[in-house]
Amino acid sequence: MKYLKVTLLFTALIVSSSGMAMDKTAAGAVAGATIGAITGKDVKSTVGGAVVGAGTGAMFKNGDKGKAARKGGPIGAAVGAGAAAVTGKSVLKGAAVGAGSGALIGEVTH
């Protein structure tokens with residue numbers, strides 16, 4: 001299992017550093033999903049990692065799409081943290097997934 005985790009980590013690093021092969025959003029999603037799979041216990045961790053990674057990648061884009069993603073991130077973080085607090089879940093996780101989702105929505109709607 002340890003060998004698998006190290007292999008996944010190196011794969012995430014290679015994919016995320018290869019900016020020419022993928023869009024920043026896609027590279028962030030792959031890296032986030034890999035890290036979520038390594039550190040989490042189930043598929044939900046992998047999906048959450050992909051959302052956070054994709055949102056982070058979208059925020060690092062230049063131009064209008066990146067600007068829209070950077071505006072959507074804080075709004076999504078506030079909504080995610082509020083929803084997590086109301087449901088009794090981890091506020092930090094809710095803010096992270098909300099920020100990723102908000103950034104992706106901001107990028108797509110622009």
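In what follows, the structure referred to is the one given above.
This section reports on the structure supplied with the text. From a predicted model like this one, the values you see are computed outputs, not experimental measurements.

With respect to the overall build of the protein
Link 1 in the chain: The helix and strand inventory of the protein stands at 5 helices and 0 strands.
Link 2 in the chain: N-terminal to C-terminal, the α/β element order of the protein is α-α-α-α-α.
Link 3 in the chain: Looking at the protein residue by residue over its 110 residues, the buried ones come to 35%.
Link 4 in the chain: For the protein, the accessible area works out to roughly 6800 Å², and carbon and sulfur atoms hold 72% of it.

Observations concerning the pattern of salt bridges
Link 1 in the chain: One pass over the full model with this rule turns up 2 salt bridges.
Link 2 in the chain: D23 is paired through a salt bridge with K61; the nearest N and O atoms lie 3.1 Å apart. In this pair, D23 sits in the loop between α1 (2–17) and α2 (24–39) while K61 sits in the loop between α3 (43–59) and α4 (63–87), placing the two residues 38 residues apart along the sequence.
Link 3 in the chain: D23 sits in the partly exposed class, given a relative accessible area of 41%.
Link 4 in the chain: Two residues, E107 and K61, come together in a salt bridge whose shortest N-O distance is 2.3 Å. Highlighted residues: E107 in helix α5 (residues 91–109) and K61 in the loop between α3 and α4, separated in sequence by 46 residues. Residues E107 and K61 agree in their burial class; the two are buried.

What about the side chain of K61?
Link 1 in the chain: By relative accessible area, K61 is classed as buried at 12%.
Link 2 in the chain: Residue contacts for K61: discarding those within four places in its chain leaves D23, K24, T25, G66, R70 and E107.

Observations regarding α4
Link 1 in the chain: Between its terminal C-alpha atoms α4 stretches 36 Å, which fits the 36 Å expected from 25 residues at 1.5 Å a residue.
Link 2 in the chain: Taken as a whole, α4 has its buried residues at G66, A68, A69, G72, G73, G76, A77, G80, A81 and A84.
Link 3 in the chain: Looking at the buried positions of α4, the neighbouring elements they touch are α3 and α5.

Remarks on a positive patch on the surface
Link 1 in the chain: Positive charge collects at one region of the surface, where K41, K44, K89 and K93 lie side by side.
Link 2 in the chain: One can find K41 in the loop between α2 and α3.
Link 3 in the chain: For K41, a relative accessible area of 85% puts it in the exposed group.

Let's talk about α5
Link 1 in the chain: Over its 19 residues, α5 extends 26 Å from the first C-alpha to the last, a length consistent with the 27 Å expected when each residue adds 1.5 Å.
Link 2 in the chain: Residues of α5 that are buried sit in contact with α2, α3 and α4.

Conventions adopted
- Residues numbered from 1 in each chain as written.
- Predicted model: local features only at pLDDT ≥ 70, side-chain atom pairs only at ≥ 80, totals over all residues.
- Heavy atoms only, no water.
- Helix = DSSP H or I, 4+ residues; strand = E, 2+ residues; numbered from the N terminus.
- Buried < 20%, exposed > 50% of the residue type's maximum accessible area, 1.4 Å probe, protein only.
- Areas by Shrake-Rupley, 256 points an atom, 1.4 Å probe, with all protein chains shown as cover.
- Salt bridge = Lys/Arg side-chain N within 4 Å of Asp/Glu carboxyl O.
- Contact = heavy atoms within 4.5 Å.
- Expected span 1.5 Å × (residues − 1).
- Patch = residues over 30% accessible without salt bridge, like charges linked within 9 Å, V, L, I, M, F, W, Y side chains within 5 Å.
- Lys, Arg positive; Asp, Glu negative; His and termini not counted.
- Charge placed at Lys NZ, Arg CZ, Asp CG, Glu CD.

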